[in-house]
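Structural description and commentary
One letter stands for each residue in the lines below.
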Amino acid sequence: MNNESSYGTGHRPFVSDLKRGYWTKASDFIYAGVSFGFRMDVFALSWIATVESGVSGFLPVYLISLAFYVIPLLVVKSFMGQFSSSGFISAMRLCPLFKGIGYITLFLNICVVIYYSVFAMTPMLYLFASFKPILPWSCEGARAWTQEEVLLCPTADDEKCEGVCYRSVASVLYFQNLFKRYEVFGYTFHISWQLALSAVGVWIIIALIILMLSSIEKIGQLIRYTVQCIIALMVFFIVRFSFLPGTAAHYERIFSPNWKDFVTELTKLPAYGICAFGPGWGLFITLASFNRFKGNITRPSWLIGIGQMFIIFGLDMLEKFIMLHLDSLSEDYFSRQRSQFGTFVLIGGSSMAALKWPNLWCILFYTMVLASSITIMVLQLVSIMSSIFDEFTLLRHHKLRYSTYLVGSMALGSLSFSSLSVYESTVNLILETTINQSLINLLLIIMVTWVYGRQRFQRDMFFMTNERYATWKIYILRFFAPLCILAVLITAMFIVFLNYVFSSSQSLTMFDVFIKALPWWSIPAYMFFSLYKSQGSLKERLLKCCRPTDWYPVEAEDKLRYEEIVSSSNMTHPLTELRWDDDAFDEEET
């Protein structure tokens, strides 16, 4: 029998958690995956998220990226979680040599949740301000705190602009003025206490969700209804802004067939996979682990990918409409501030203030953005905590206590982003996380399709779903997907390098150092450690570390049937011989 019953270095067996629960409905997994389409961190990178072409360019290329890159990788991650019924750490028992990926990913995901809180803190701040009788970024409200001329607000000595004239966007200027200068022991800090209070509010909401809705069934229901409401609000805003000046020309632009658009979008094909997998790594492994064992994973992966595609396209349309609205009202002036976090949050406030009932529009708009960010953070925390409790069995008896410790420590860490220097480092943190995700995805492809082997992967997929996973899809995953991942990896590394070379205000934070350096030395270090703890010659140690340990379904009946199949299988491990018959699986299935 190729599947061994020792775990890790062989000192203890893996103990499944039979009380971890399942999604109430199969659609809960789909809603959870679709919610990643609302990632505000990707929209902060406007050079990636912006859809410059129309439907004829964007949609076909995005579908190509789904078929040849995104969906195959989603299927692999979903397979690992659903087959093992465990999180992204314990699922690495598929190949213990790569187990370091799971441990490193745990620390990376914690850092990602902390800095991703920025995209919940900012709309929370604007949401609080939207309840004031007079919006601070309206013309009347802005005159109370700034003497600077702002866009859309006429002054007594206004004259027609000649040449290139600039004015500030009130909602962006409002945010920038919240950071006040403080000196402590000779060091100067720019801190926004309003942003810190918003962080406290965000984490109180998250703590209530995590601690009160302790079961995955209740969290799944909450995510389902929340995502439905967010999508409804997004469609509502798109329809409302469609009646504003300038939007008709945009509709004509995006729906006009154009081969040039298609060719242009092909160059962005690798970038379209960034949004699909969530802000952290391994989230889909953990989310799929709450699926029932006998369930299809290819169809939900396609539904998730297509749902994310329409959400990205819808958010981009809304962002374009906001800018067109401001441009139509600003006459000869141009906005001075172009925030690094994009149009969506900071500039959107001024657009809403120009509508009738501005407070209502701002409240609805920032509620939509806040709910989408909190939803993603909750899913990240569920993934982190489930993975911890799956791997470390002693912690399962005190889940509530350790969950409280984890949420509290993250909340304290997020307070650092109320400092302007740390806040401005978020863009680089996003890029560095993208680099690490690309590196780990490459290792995952090597681990599943090469080390574990094509035939074993197909055998397990057939056993779990009763559907054969085509060999050509494996070859796409082996050869085409890595090219897309390498393109993203190299591009992100190049941009980070340029940021540090040419940005005079760039500051190095603890999160920046941790995310940048950790995976590149720790994953190889764990591989060497695993080989060192094994016994035998180097080849024997390598083979032992690459064999799956305790890799079987959780349910007793499925486990027994799987062990019988593995025992009767004549497959040799891919590392023991350089060639094997590609038709062996087909003959065995027959």
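The model shown is predicted, which means the values in this text are computed figures rather than measured ones. (Residues numbered from 1 in each chain as written. Predicted model: local features only at pLDDT ≥ 70, side-chain atom pairs only at ≥ 80, totals over all residues. Heavy atoms only, no water.)

**Let's talk about the overall build of the protein**
Helix and strand counts for the protein come out as 24 helices and 4 strands. Taking contacts inside the protein between residues at least 6 apart in sequence as the whole, the part at least 24 apart equals 83%. For the protein, the accessible area works out to roughly 25100 Å², and carbon and sulfur atoms hold 65% of it. (Helix = DSSP H or I, 4+ residues; strand = E, 2+ residues; numbered from the N terminus. Contact = heavy atoms within 4.5 Å. Areas by Shrake-Rupley, 256 points an atom, 1.4 Å probe, with all protein chains shown as cover.)

**Things to note about unusual backbone geometry**
Even without being a glycine, asparagine 466 presents a positive backbone phi close to 60 degrees. For asparagine 466, the position within the fold is in the loop between α19 (426–465) and α20 (471–502). If you check the backbone angles, aspartate 550 has positive phi at about 55 degrees while not being a glycine. Relative to the helices and strands, aspartate 550 is located in the loop between α22 (538–546) and α23 (556–568).

**A look at the side chain of serine 117**
By the element assignment, serine 117 lies in the loop between α5 (99–116) and α6 (118–130). If we skip the residues at most four places from it in the chain, serine 117 touches Trp203, Met377 and Ser414.

**Section: the packing of aromatic side chains**
What the rule picks out here adds up to 38 aromatic pairs. Taken together, a centroid distance of 5.6 Å and an interplanar angle of 75 degrees make the contact between phenylalanine 36 and phenylalanine 284 edge-to-face. Of this pair, phenylalanine 36 sits in the loop between α1 (26–34) and α2 (40–44) while phenylalanine 284 is found in helix α13 (residues 283–288), placing the two residues 248 residues apart along the sequence. On the basis of an interplanar angle of 70 degrees and a centroid distance of 6.0 Å, the ring pair of tyrosine 126 and tyrosine 174 is categorised as edge-to-face. With tyrosine 126 in helix α6 and tyrosine 174 in helix α8 (residues 170–177), the pair connects residues that are 48 residues apart, well separated along the chain. The class of tyrosine 126 is buried, set by a relative accessible area of 0%. (Phe/Tyr/Trp six-rings, centres within 6.5 Å; stacked < 30°, edge-to-face > 60°. Buried < 20%, exposed > 50% of the residue type's maximum accessible area, 1.4 Å probe, protein only.)

**Here's the deal with the pairing of strand β3 (residues 187–191)**
Summarising the sheet, strand β2 (residues 180–184) and β3 pair through 5 bridges and their orientation is antiparallel. When the sheet's bridge partners are listed, lysine 180 is paired in β3 with isoleucine 191. Following β2, the chain reverses through 2 residues before pairing antiparallel with β3; phenylalanine 185 in that reversal takes a positive phi of roughly 50 degrees. (Pairing = 2+ DSSP bridges.)

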